[in-house]
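Survey of secondary and tertiary structure
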Amino acid sequence: MAEALKLWRNAQLATCDDSMRVIERGAMLTRGGRIEWVGAEANLPAAPSGDPYEQHDLGGAWLTPGLIDCHTHLVFAGTRAGEYAQRLRGRSYAEIARSGGGILATMRAVRGASPQELFEASAPRLQALLAEGVTTVEIKSGYGLTLPDEAKMLRTARALEQAYPVTIKTTFLAAHTVPPEFTGRADAYIDTIAKEWLPALHSEGLIDAVDVFCESIGFSVAQSERLFDAAIALKLPVKMHAEQLTNLGGTQMATRHRALSCDHLEYATAADAAALASAGTVAVLLPIAFYCLADDHKPPIAALRAAGTSLAIASDCNPGSAPATSLLLTMSMGTRLFGLTSEEALAGVTRNAARALGLQGERGTLATGQAADFVIWNVGSIEELGYWIGFNPRRTVVRAGRILP
Ligand code: NIG
Ligand code: FE
């Protein structure tokens with residue numbers, strides 16, 4: 001028997017569609033996990049006879065799609081609070097990385113954690129995101145840096161999806177830094193992950209996309225391209241940590257490979273913005289990493305906007321540059337630090353975040369056929385989502401058509 005239709009009425013709908021249309025006295029019909037109809041309540045289709053709606057009067061509340069955090073490294077063990085203290089005293093992130101700390105410090109903690117320990121360390125961070133109305137999260141590997149430890153991270157991400165009401169997309173980021181087993185042999189490392197680890201983990205169904213830290217302290221453009229070629233040969237989409245600390249030219253190469261997204265982009269140029277726009281590659285901005293690293297170089301927002309690039313924002317939740325589990329704080333920082341408008345920030349955690357994960361056909365807007373994942377907010381205006389700092393105005397989260405407890 002078909003699942004019952006549910007009517008969600010008397011709401012202000014922030015559809016987050018291409019024109020960011022708002023429907024003041026809106027209603028939605030859902031069936032099972034999908035949206036069947038969205039529109040003005042006045043145009044609501046009549047209930048089919050014998051199939052009465054289950055009705056939910058939302059009392060005029062604002063409603064958005066479920067939020068999407070499209071760039072996280074939330075599966076990790078340990079912290080790097082000691083490094084943060086060093087950075088407060090003036091040591092740079094790059095210096096700490098070059099002296100064997102940074103990503104390698106977290107790698108040691110992750111290698112030493114059992115699957116259970118890794119799950120238990122990561123689950124509270126995921127729960128914190130979900131409490132704010134996040135219903136889809138991307139999680140990267142990249143702290144294991146051996147085949148079994150990368151597998152352990154990716155399996156932990158899949159286990160979190162089984163345990164919590166969330167859609168998780170996994171990204172393979174073994175090309176995060178060169179591990180000690182390959183010191184001085186970055187090319188050999190890239191060959192190993194491209195030719196051995198990637199096919200092995202992909203055949204286990206653990207990889208949804210492939211990422212690389214293309215940076216002076218990461219991998220070169222040529223190395224990144226070899227990895228991308230291997231990913232694309234397996235029909236896996238690619239993305240890149242690009243132009244975060246310097247401009248290496250990764251964005252130009254990534255857009256030639258039709259990357260889903262280029263992320264960070266503090267040192268991107270107007271030419272990079274144009275390349276992103278023409279490739280349909282999403283620019284994912286990570287304002288919390290910018291804040292925590294106290295950089296003074298901002299992404300070229302005006303050029304990105306002028307080029308018509310799709311802009312997303314994400315928490316970057318990780319133990320080094322962004323010990324953060326709040327997408328609402330990300331919106332605040334995206335607006336205040338980078339100068340995004342409230343509307344751009346909202347599009348950045350809904351429609352454009354979905355695009356950054358290749359999910360635009362399924363999630364990120366309120367439209368017929370999309371997943372019935374949405375959030376009802378205790379706000380008087382939708383700008384409040386990026387306005388509060390440390391206050392959570394989430395009222396109710398509906399996931400796959402069901403109200404979460
Ligand atoms: O997105 N830039 C590389 N990756 C992360 C930081 C990882 C870490 O410091 O542990 C980022 O900022
Ligand atoms: Fe990152």
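About the thresholds
Residues numbered from 1 in each chain as written. Chains lettered and ligands numbered in written order. Predicted model: local features only at pLDDT ≥ 70, side-chain atom pairs only at ≥ 80, totals over all residues. Heavy atoms only, no water. Near = heavy atom within 4 Å. Polar contact = N/O pair within 3.5 Å; in protein donor to acceptor, adjacent residues only side chain to side chain. Areas by Shrake-Rupley, 256 points an atom, 1.4 Å probe, with all protein chains shown as cover. Nonpolar A, V, L, I, M, F, W, Y, C, P; charged D, E, K, R; others polar. Phe/Tyr/Trp six-rings, centres within 6.5 Å; stacked < 30°, edge-to-face > 60°. Helix = DSSP H or I, 4+ residues; strand = E, 2+ residues; numbered from the N terminus. Buried < 20%, exposed > 50% of the residue type's maximum accessible area, 1.4 Å probe, protein only. Domains from an automatic or database assignment. Buried area = accessible area lost by both parts, 1.4 Å probe. Salt bridge = Lys/Arg side-chain N within 4 Å of Asp/Glu carboxyl O. Donors = N, O, S within 2.8 Å, 3.2 Å for Na, K, Ca; no water. Pairing = 2+ DSSP bridges. Axes fitted to C-alpha atoms, helices over the stretch in contact; angles between N-to-C directions. Left-handed = near helix turned anticlockwise from the far one by under 90°. Contact = heavy atoms within 4.5 Å. 1 Å grid on protein atoms, 1.4 Å probe; cavity = no way out; pocket = protein on both sides within 12 Å on 5 of 7 lines; lining within 4 Å. Points joined across faces, edges and corners; volume = space filled by probe spheres on them.

**Regarding the site of ligand 1**
- Taken together, the neighbourhood of ligand 1 is formed by 15 residues, with Arg 80, Tyr 93, Tyr 143, His 264 and Ser 321 sitting nearest.
- One of the side-chain N or O atoms of His 73 is found 3.3 Å from an oxygen atom in ligand 1.
- A distance of 2.4 Å is found between an oxygen atom of ligand 1 and a side-chain nitrogen or oxygen belonging to Tyr 93.
- When ligand 1 is considered free in solution it has 330 Å² of accessible area, and contact with the protein chains removes 100% of it.
- A breakdown of the residues in the shell around ligand 1 according to their chemical character gives four nonpolar, nine polar and two charged.

**Focus on the packing of aromatic side chains**
- With the rule as written, the count across this model stands at seven aromatic pairs.
- Taking the centre distance of 5.0 Å and the plane angle of 65° together, the rings of Phe 290 and Phe 338 count as edge-to-face. Remark: Phe 338 occurs in the loop between α12 (327-336) and α13 (342-348) and Phe 290 occurs in helix α10 (residues 287-293); sequence separation between them is 48 residues. Here Phe 290 and Phe 338 have matching classes, each one buried.
- Grouping aromatic residues by their ring pairs yields a cluster made of Phe 182, Tyr 189, Trp 197 and Phe 219.

**Regarding the domain arrangement of the protein**
- The domain architecture assigned to the protein consists of domain 1 (5-65 + 365-403) and domain 2 (67-356).
- Relative to domain 2, the C-alpha centre of domain 1 lies at a distance of 31 Å.
- When the two sides are added together, the surface that domain 1 and domain 2 hide from each other amounts to roughly 1,600 Å², 64% of it contributed by carbon and sulfur.
- Across the domain 1-domain 2 interface, the total number found is one salt bridge.
- Summed over the shared surface of domain 1 and domain 2, the result is six residue pairs in polar contact (both at pLDDT 80 or more).

**Quick notes on the coordination of the iron ion (ligand 2)**
- Taken together, His 71 (NE2), His 73 (NE2), His 241 (NE2) and Asp 316 (OD) make up the protein donors of the iron ion (ligand 2), found 2.1 to 2.4 Å from the metal.
- Each donor residue of the iron ion (ligand 2) belongs to the same chain, with the gaps between them written as H-x1-H-x167-H-x74-D. Separated by 245 residues along the polypeptide, His 71 in the loop between β5 (67-69) and α1 (81-88) and Asp 316 in the loop between β12 (311-313) and α12 bring together distant segments of the chain.

**Some details on the sheet that holds strand β13 (residues 374-377)**
- Across the sheet, which stays open at both edges, the seven strands sit in the order β3-β2-β1-β4-β13-β14-β15 with mixed pairing between neighbours. Across the chains shown, the open sheet's two edge strands, defined by having one partner strand only, are β3 (34-40) and β15 (402-403).
- Where strand β1 (residues 5-14) meets strand β2 (residues 22-31), seven bridges bridge the pair, whose relative direction is antiparallel. Among the inter-strand pairings, Trp 8 is bridged to a residue of β2, identified as Met 28.

**Side note on the packing of helix α5 (residues 147-163) against helix α6 (residues 186-203)**
- Put simply, α5 and α6 touch, their axes get as near as 11 Å, and they point 35° apart. Handedness of the α5/α6 crossing: right-handed. Across the interface between the two elements, Leu 147, Glu 150, Ala 151 and Leu 154 of α5 pack against Trp 197, Ala 200 and Leu 201 of α6.
- When its residues are assigned to classes, the contact of α5 with α6 shows six nonpolar, no polar and one charged.

**Some details on empty space enclosed by the protein**
- This structure, assessed with the given rule, holds three cavities of 30 Å³ or more.
- In this structure, the largest cavity encloses a volume near 90 Å³.
- Surrounding the largest cavity, 13 residues form its lining, His 73, Tyr 93, His 176, His 241 and Ser 321 being those nearest its centre.
- In the lining of the largest cavity, the residues fall into four nonpolar, seven polar and two charged.
- Along its surface, the second largest cavity is lined by Pro 65, Gly 66, Ile 68, Thr 135, Thr 136, Glu 362, Arg 363, Gly 364, Thr 365, Gln 370, Ala 371 and Asp 373.
- Classifying every residue of the lining of the second largest cavity gives three nonpolar, six polar and three charged.
- When residues of the lining of the second largest cavity are sorted by domain, at least three fall in each of domain 1 (5-65 + 365-403) and domain 2 (67-356).

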